[in-house]
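Structural description and commentary
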Amino acid sequence: MRAVPFVRGLLLALVVLLLSGCGYNQIQGKDEAVKAGWSEVLNQYKRRADLIPNLVATVKGYAGHEQQVLTAVTEARAKVSQITVNADDAASLAQYQAAQGELAQALGRLMMVTEAYPNLKADQQFLALQTQLEGTENRITVARGRYIQLVQDYNTYIRKFPVNLTAMLFGYKAKPNFTVENEAQIQQAPSVDFSAPPVAPAAAPPVAPAPGGVVNPPQPASPPVQGGNAPQAAETQ
């Protein structure tokens, strides 16, 4: 009877050893790292979203007639806030990232519009918000890049043998990542045309009158025609 607990303990130790050797603990660590990386991405996206209301209100005080651009930013922010993203679902992640890309595009157009308003660019509140927004965009880029690397590392690891057997046994699957299309959409600079309307060609300046008040200068005489009645030149003495 005393051998039963000993056998159970031995089997348990064997199982722990096998799981450790098959990468179970490493899978746990990499999975947690991916979750932490995704939390940082969401945190930076939220930071950007929190800056938008004050930014729109400040720009509106100087450029209220830019209603189309202001409305686009507000609607893009609202669309993002309505999405409940699941980072483990490829379709959900793609939808969320597309919405974030649209918001980034709308913000880019808004910031380009501000270039036409010197008083706005000199406003201290706007300058502070602009600095915070630029810093947040950089943080988003860093957090997204780190998350991509973490997911790639996790996905590569669980495909290796014999770790893939452990992952299959405990239900660990490859995680979706940001796609190339998403990245291209985010990094594409918004195009805004601020070129002035075409100017009509200027009229040609009037021709100045000839010296001496003569408007139409005399035309040179036509050469004499042979055999005609042209006057004869005087003989030289």
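All figures in this text were calculated on a predicted structure; none of them were measured in a lab.

Before going further, it helps to examine the side chain of N177. Among the structural elements, N177 can be located in the loop between α7 (163-170) and α8 (180-187). According to the relative accessible area criterion, N177 is buried, its value standing at 18%. Reaching out from N177, the side chain makes a polar contact with the backbone oxygen of I148 at a distance of 3.2 Å. Apart from residues no more than four positions distant in its own chain, N177 is found in contact with L93, Y147, I148, V151 and Q152.

Our next topic: the pattern of salt bridges. This structure, assessed with the given rule, holds nine salt bridges. Put simply, D31 and K35 hold a salt bridge, and the shortest N to O gap is 3.4 Å. Here K35 and D31 lie together in helix α2 (residues 24-62), a separation of four residues that amounts to about one turn. In this structure D31 comes out as buried when scored by relative accessible area, which is 6%. The structure contains a network of salt bridges with shared partners spanning D31, E32, K35, D88 and K175.

So, on to helix α6 (residues 124-158). The end-to-end C-alpha distance of α6 is 51 Å, a good match for the 51 Å that 35 residues give at a rise of 1.5 Å each. Between the side-chain oxygen of the N-cap and the backbone nitrogen of Q125 there are 2.9 Å, and the N-cap of α6 in question is D123.

Turning our attention to the nonpolar core. A general trend in soluble globular proteins is that nonpolar side chains are found buried together. Counting residues in each nonpolar core, the largest one holds 44 residues, and the members touching the most others are W38, L55, V59 and Y147. Looking at this core, the elements that each hand over two or more residues are α2, α3 (67-81), α4 (90-113), α6 and α7. Per-element tally for this core: the top contributor is α6, with 12 residues. In contact with Y147, other than residues within four places in its own chain, are V34, G37, W38, V41, A87, P176, N177 and F178.

A packed helix pair is summarised by two numbers, namely the angle formed by the two axes and the spacing between the axes. The N-to-C vectors of α2 and α6 enclose an angle of 160°; their axes lie 8 Å apart at closest approach. Compared by their axis directions, α2 and α6 come out roughly antiparallel. Between α2 and α6 lies a crossing of left-handed hand. Here the contact of α2 with α6 is composed, by residue class, of 20 nonpolar, eight polar and 10 charged.

Turning our attention to the environment of R144. Structurally, the position occupied by R144 is in helix α6. Look at R144 and you get buried, because its relative accessible area is 5%. Note: C-alpha distance between R144 and L42 (102 residues apart in sequence) is 9.4 Å.

Cut-offs and rules
Residues numbered from 1 in each chain as written. Predicted model: local features only at pLDDT ≥ 70, side-chain atom pairs only at ≥ 80, totals over all residues. Heavy atoms only, no water. Helix = DSSP H or I, 4+ residues; strand = E, 2+ residues; numbered from the N terminus. Buried < 20%, exposed > 50% of the residue type's maximum accessible area, 1.4 Å probe, protein only. Polar contact = N/O pair within 3.5 Å; in protein donor to acceptor, adjacent residues only side chain to side chain. Contact = heavy atoms within 4.5 Å. Salt bridge = Lys/Arg side-chain N within 4 Å of Asp/Glu carboxyl O. Expected span 1.5 Å × (residues − 1). Core = buried A, V, L, I, M, F, W, Y, C linked by side-chain atoms within 4.5 Å. Axes fitted to C-alpha atoms, helices over the stretch in contact; angles between N-to-C directions. Parallel < 35°, antiparallel > 145°, perpendicular 65-115°, else oblique. Left-handed = near helix turned anticlockwise from the far one by under 90°. Nonpolar A, V, L, I, M, F, W, Y, C, P; charged D, E, K, R; others polar.

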